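Below, each chain spelled out in residue letters.
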Amino acid sequence: MNLLNGPEFSRLQGALNASEMRQRVINNNIANVDTPKFKRSDVMFEELLEQSMGSGTLQLSGKRTDPRHIPIGLSAAVPETQVVTDETSVMNNDVNNVDIDREMSLLAKNQLNYNFYVQQISHDVKMMRIGIQGRS
């Protein structure tokens, strides 16, 4: 039985990994706030996850037990996190586009998200432990 390999747990794990990567990317942006011609980067995960999950309508999906099987319906796979660079905007005369206030607010938001993901994973594991042991 794969209790920790379900789609919900995989999505939480993917969100946690994306949050870790976002922390590194934002730290890199902040470190290069005064670097001429530096272009800020951002992490895309939530948008990709939303696209992979579809419009929210229920569809029939098949389980693939072999990689050669043809996928049926929506995939339960979690998309890979992508780092994208914003090449179009400019903030300063040195062609740098890092806004320190925006990056600091994104850093705080990411920290709150990370804490939520860790708490949710901890809660899910605790509930499984209670279910297995039969007590709290």
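For the structure, see preceding data.
Here's what I pulled together on the structure shown here. (Residues numbered from 1 in each chain as written. Predicted model: local features only at pLDDT ≥ 70, side-chain atom pairs only at ≥ 80, totals over all residues. Heavy atoms only, no water.)

### Focus: the pattern of salt bridges
No. 1: Tallied over the entire structure, the rule returns three salt bridges.
No. 2: The partner of arginine 22 in a salt bridge is glutamate 46, and the shortest N-O contact between them spans 2.9 Å. Within this pair, whereas arginine 22 is found in helix H1 (residues 7-31), its partner glutamate 46 is found in helix H2 (residues 46-53), the two being separated by 24 residues in sequence.
No. 3: Given the relative accessible area of 10%, arginine 22 is considered buried.
No. 4: Judged by its relative accessible area of 30%, glutamate 46 is partly exposed.
No. 5: For aspartate 66, the salt bridge identified is with arginine 68, shortest N-O distance 3.0 Å.
No. 6: Given the relative accessible area of 21%, aspartate 66 is considered partly exposed.
No. 7: Relative accessible area serves as the criterion here: at 71%, arginine 68 is assigned to the exposed category. (Salt bridge = Lys/Arg side-chain N within 4 Å of Asp/Glu carboxyl O. Helix = DSSP H or I, 4+ residues; strand = E, 2+ residues; numbered from the N terminus. Buried < 20%, exposed > 50% of the residue type's maximum accessible area, 1.4 Å probe, protein only.)

### Considerations on the pairing of strand E1 (residues 41-44)
No. 1: Covered by surrounding structure in E1 are Ser41 and Val43 only, the residues Asp42 and Met44 on the alternate face being uncovered.
No. 2: In terms of strand pairing, E1 meets strand E2 (residues 82-85) through four bridges, oriented antiparallel. By the bridge assignment, valine 43 is partnered in E2 with valine 83. (Pairing = 2+ DSSP bridges.)

### Structural notes on the environment of leucine 12
No. 1: Within the fold, leucine 12 resides in helix H1.
No. 2: Residues in contact with leucine 12, not counting those within four places in the same chain, are Tyr117, Gln120, Ile121 and Asp124. (Contact = heavy atoms within 4.5 Å.)

### Some remarks on the environment of leucine 16
No. 1: Within the fold, leucine 16 resides in helix H1.
No. 2: With relative accessibility at 14%, the residue leucine 16 sits in the buried group.
No. 3: Distance from leucine 16 to asparagine 113, taken between C-alpha atoms, is 8.5 Å for residues 97 residues apart in sequence.

### Some points on helix H3 (residues 100-133)
No. 1: Taking 1.5 Å of rise per residue, 34 residues should cover 50 Å, and H3 covers 49 Å from first to last C-alpha, within 8% of that figure.
No. 2: Among the residues of H3, those classed as buried are Glu103, Leu107, Asn110, Tyr117 and Ile121.
No. 3: In this fold, the buried residues of H3 make contact with H1 and H2.
No. 4: In the stretch just after H3, glycine 134 is the one whose phi turns positive, near 85°. (Expected span 1.5 Å × (residues − 1).)

### Concerning the nonpolar core
No. 1: In terms of nonpolar packing, the biggest core is built from nine residues, these being Phe9, Leu12, Ala15, Leu16, Ala18, Phe45, Leu49, Tyr117 and Ile121.
No. 2: Examining the composition of this core, we find that five residues originate from one element, H1, more than from any other.
No. 3: Not counting chain neighbours up to four residues away, the residues in contact with leucine 16 comprise Tyr114, Tyr117, Val118 and Ile121. (Core = buried A, V, L, I, M, F, W, Y, C linked by side-chain atoms within 4.5 Å.)

Fair warning: the whole summary comes from geometry, so function is off the table for now.
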